[in-house]
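Listed below, chain by chain, are the residues.
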Amino acid sequence: MMMRKNYNMKKTISMKQFIVELGQDLSEHEKQRLLELGERCILTRKDYNYVLDLKHVEHLKYECNNKAENEACKKEYTYGQFVVKDGVLYFSEHCIESKDVMQNETVNKIYSSLNEEETSIEDEIKAKPLDDTNIDFVIDSILEVCPEVSAEHLAIIARYNK
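First, a word on what this report is: a plain description of the structure on this page. (Residues numbered from 1 in each chain as written. Predicted model: local features only at pLDDT ≥ 70, side-chain atom pairs only at ≥ 80, totals over all residues. Heavy atoms only, no water.)

**Some points on the nonpolar core**
Counting residues in each nonpolar core, the largest one holds 41 residues, and the members touching the most others are Phe18, Phe82, Phe91 and Ile142. If one sorts the elements of this core by residue count, strand β5 (residues 71-85) sits on top with six residues. (Core = buried A, V, L, I, M, F, W, Y, C linked by side-chain atoms within 4.5 Å. Buried < 20%, exposed > 50% of the residue type's maximum accessible area, 1.4 Å probe, protein only. Helix = DSSP H or I, 4+ residues; strand = E, 2+ residues; numbered from the N terminus.)

What follows is the structure, given as structure tokens:
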């Protein structure tokens, strides 16, 4: 069975919205840990409502080497890809990469460290399930490499929260 595209979905959502939309079946511990990413990260999705890439909320760009043209470029990091299928939260082997986005090396480290059995989701995505036994490791690993939010960003947010 092929995955169906949803053309009417929001492409960028907060962690809170992710939990509201897709996290009804997650444990309270999983929800709490995911919310810890909410201050620093947002989720983006391209074609499928339940496949989301984790990016820094400020869309910071980092130097990369464009191997094709052998020149420097700047891209944003993705720090993981979450998939929610049949009420189960998964961490994907790969994130979406493009001319503007590259996968942070921590994604491979996290994925290879998970002892759970790999699942193929619709033949396109390889992922491992997350639960209360491994969510702490995944969130802590992402928080180690994902930068804190800048003072400027916090000041902007503070204006909206008044």
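**Brief notes about the layout of surface pockets**
The volume enclosed by the largest pocket comes to roughly 260 Å³. Considering the residues around the largest pocket, the lining is formed by 13 residues, among which Val51, Gln81, Ile96, Glu124 and Ile125 are closest to the centre. Partitioning the lining of the largest pocket into residue classes produces five nonpolar, three polar and five charged. The calculated volume of the second largest pocket comes to roughly 190 Å³. Around the second largest pocket, the lining residues are Thr44, Arg45, Lys46, Asp53, Lys55, Ile96, Glu97, Ser98 and Val101. Residues belonging to the lining of the second largest pocket are distributed by class as follows: two nonpolar, two polar and five charged. (1 Å grid on protein atoms, 1.4 Å probe; cavity = no way out; pocket = protein on both sides within 12 Å on 5 of 7 lines; lining within 4 Å. Points joined across faces, edges and corners; volume = space filled by probe spheres on them. Nonpolar A, V, L, I, M, F, W, Y, C, P; charged D, E, K, R; others polar.)

**Describing helix α3 (residues 106-113)**
Of all the residues in α3, the buried ones are Thr106, Val107, Ile110 and Tyr111. Around the axis of α3, the buried residues are gathered within 130° of arc, so they sit on the same side. With respect to the buried face of α3, the exposed residues turned more than 90 degrees away are Lys109 and Ser112. (Arc of directions from axis to C-beta.)

**Some remarks on the packing of aromatic side chains**
Inspection of every chain in the model, using the stated rule, returns five aromatic pairs. When the ring of Tyr48 is compared with that of Tyr50, the centres are 6.5 Å apart and the planes differ by 40°; the resulting orientation is tilted. Pair check on accessibility: Tyr48 and Tyr50 agree, each one buried. Measuring from centroid to centroid gives 6.1 Å for Phe82 and Phe91, while their planes differ by 70°, and the two rings are edge-to-face. Cluster of aromatic residues (ring-pair linked, three or more members): Phe18, Phe82 and Phe91. A cation over a ring is seen here: Lys128 above Tyr111, with NZ or CZ 4.6 Å from the ring centre. (Phe/Tyr/Trp six-rings, centres within 6.5 Å; stacked < 30°, edge-to-face > 60°. Lys NZ or Arg CZ within 6 Å of the ring centre and 35° of its normal.)

**Side note on the pattern of salt bridges**
Enumeration according to the criterion identifies eight salt bridges in this entry. The closest approach of N and O atoms between Glu36 and Arg33, which form a salt bridge, is 2.9 Å. Pair noted here: Glu36 and Arg33 are both in helix α2 (residues 28-37), with a separation of three residues, about one helical turn. Residue class for Arg33 comes out buried when judged on its relative accessible area of 9%. If you follow the salt bridges from partner to partner, you end up with Arg33, Glu36, Asp136 and Asp140 in one network. (Salt bridge = Lys/Arg side-chain N within 4 Å of Asp/Glu carboxyl O.)

**Points about the environment of Gly80**
Within the secondary structure layout, Gly80 lies in strand β5. In this structure the C-alpha to C-alpha distance between Gly80 and Asn104, which are 24 residues apart in sequence, comes to 7.9 Å. Ignoring any residue separated from it by four or fewer positions in sequence, one finds Gly80 in contact with Leu52, Asp53, Leu54, Phe91, Cys95 and Val107. (Contact = heavy atoms within 4.5 Å.)

**Thoughts on the state of the cysteines**
Applying the stated criterion to the full structure yields one disulfide. The partner cysteine of Cys64 in its disulfide is Cys73, sulfur to sulfur 2.1 Å. Where Cys64 bonds to Cys73 through sulfur, the torsion about that S-S bond is close to -110°, and the disulfide is left-handed. As a non-bridged cysteine, Cys41 has Cys146 as the owner of its nearest cysteine sulfur, 3.6 Å distant. (Disulfide = S-S within 2.5 Å.)

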